[in-house]
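A structural walkthrough
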Amino acid sequence: MDFLFFLKGIIVGFALAVPIGPIGIICIRKTLLHGSIQGRIIGVAAATADMLYSCVAAFGITYIAHFIEHERLWIKLIGGVLLIFFGIKTFLTKPSIPDNDLSESKGLKSFISTLFLTLTNPLTFFVFIFIFSAMGIAQKFGIVAAFSIVIGVFTGSFCWFLLLSTFVLHYRKKLGSNALRWINRIAGGLIIISGIISTVAVFLHFK
């Protein structure tokens, strides 16, 4: 493994994960309601999606890259609709006392849903292509550099969500039912807005 490119991957993965978007909001909400394990599962899922997109970009997997580029609007539309649906569900969810209940099915469900939502943002893929092209990954430095930076991207992305869930956990025990109700409403509203923006952007493109 090329340690220098591994470090570059960590920086790229961390930097791309920092902006608080729908996945960050979901991570915050899950951590507040169910504890750090749920928040970290969200982080692993988001980091896995970033790693998959960075893998396609770094290794130049032609068929998958072509499919993502050709179908990016439909992928974005599906993601927008799912965000709206998930946002409405979150907004209407009745608040409950924070708990640490995490069955295997709940953890798997959180992982799969977050992974899918993250993968429906094809913009991430094009960002990786731009960054990797600027770095000369795969063309100049070969497969070892590509592998190193992909692993670094996963590590950097997960580190951000680990920090985020740890920070949020500090305030978890201070919350009452009224605060949880507003967390659901605010989180749901922000996710709905993100979904609407994504969906409208697709329709505007077809005009």
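The structure displayed is predicted, hence computed values, not measured ones.

About the cut-offs
Residues numbered from 1 in each chain as written. Predicted model: local features only at pLDDT ≥ 70, side-chain atom pairs only at ≥ 80, totals over all residues. Heavy atoms only, no water. Helix = DSSP H or I, 4+ residues; strand = E, 2+ residues; numbered from the N terminus. Buried < 20%, exposed > 50% of the residue type's maximum accessible area, 1.4 Å probe, protein only. Contact = heavy atoms within 4.5 Å. Areas by Shrake-Rupley, 256 points an atom, 1.4 Å probe, with all protein chains shown as cover. Expected span 1.5 Å × (residues − 1). Axes fitted to C-alpha atoms, helices over the stretch in contact; angles between N-to-C directions. Parallel < 35°, antiparallel > 145°, perpendicular 65-115°, else oblique. Left-handed = near helix turned anticlockwise from the far one by under 90°. Nonpolar A, V, L, I, M, F, W, Y, C, P; charged D, E, K, R; others polar. pLDDT = per-residue confidence, 0-100. Patch = residues over 30% accessible without salt bridge, like charges linked within 9 Å, V, L, I, M, F, W, Y side chains within 5 Å. Salt bridge = Lys/Arg side-chain N within 4 Å of Asp/Glu carboxyl O. Core = buried A, V, L, I, M, F, W, Y, C linked by side-chain atoms within 4.5 Å.

So, about the overall build of the protein. Check the secondary structure of the protein and you find nine helices and zero strands. A total of 207 residues make up the protein; the buried ones form 42% of that total. Partitioning the intrachain contacts of the protein with sequence separation of at least 6 by distance along the chain shows that 91% fall at a separation of at least 24. Carbon and sulfur atoms make up 74% of the accessible area of the protein, which amounts to about 11,200 Å² in all.

Mapped onto the secondary structure, Ser-157 falls in helix α8 (residues 142-169). Since its relative accessible area comes to 0%, Ser-157 is described here as buried.

When the terminal C-alpha atoms of helix α2 (residues 22-34) are compared, their 18 Å separation across 13 residues agrees well with the 18 Å that a helix rising 1.5 Å per residue should span. When you tally the buried positions in α2, you get 11 out of 13 residues, the bulk of the element. Three or more residues of α2 are buried, namely Ile-23, Gly-24, Ile-25, Ile-26, Cys-27, Arg-29, Lys-30, Thr-31, Leu-32, Leu-33 and His-34.

Contact geometry for α2 and helix α3 (residues 36-59): axes closest at 6 Å, N-to-C directions at 160°. The angle between the axes of α2 and α3 places the two elements in the roughly antiparallel class. Seen from above, α2 lies across α3 with right-handed handedness. Contacts between α2 and α3 pair Ile-23, Ile-26, Cys-27, Lys-30, Thr-31 and His-34 from the former with Ser-36, Gln-38, Gly-39, Ile-42 and Ala-46 from the latter. In terms of residue class, the contact of α2 with α3 is made up of five nonpolar, five polar and one charged.

Attention now moves to the environment of Asp-2. Note on placement: Asp-2 falls in the segment before α1 (3-17). Residues Asp-2 and Ile-149, spaced 147 residues apart in sequence, show a C-alpha to C-alpha distance of 8.2 Å.

This part covers the confidence of the model for the protein. Here the protein shows a mean pLDDT of 76. Residues at 70 or above account for 75%. Taken element by element, the predicted model of the protein shows its lowest mean pLDDT in helix α4 (residues 62-70) (64) and its highest in α3 (87).

A cluster of nonpolar side chains, Phe-59, Ile-143, Val-144 and Phe-147, forms an exposed patch at the surface whose accessible area comes to about 380 Å². Sorting elements by how many residues they give to the nonpolar patch places α8 first, with three residues. Relative to the elements of secondary structure, Ile-143 occurs in helix α8.

With that settled, consider α3. With 24 residues, α3 should reach 34 Å at 1.5 Å per residue; the first-to-last C-alpha distance of 34 Å fits that figure. A large share of α3 lies buried, amounting to 17 of its 24 residues.

Another aspect to go through is the nonpolar core. With 17 residues, the main nonpolar core has Ile-23, Ile-26, Phe-161, Leu-164 and Ile-191 as its most contacted residues. Elements with a minimum of two residues in this core: α2, α3, α5 (72-92), α8 and α9 (177-206). No other element matches the five residues that α2 contributes to this core. Those residues within four positions of Ile-23 in sequence are excluded, and the remaining contacts are Ile-42, Ala-46, Thr-114, Leu-117, Thr-118 and Phe-161. Formed by seven residues, the second largest nonpolar core is a distinct cluster that contains Tyr-53, Ala-57, Phe-125 and Phe-128.

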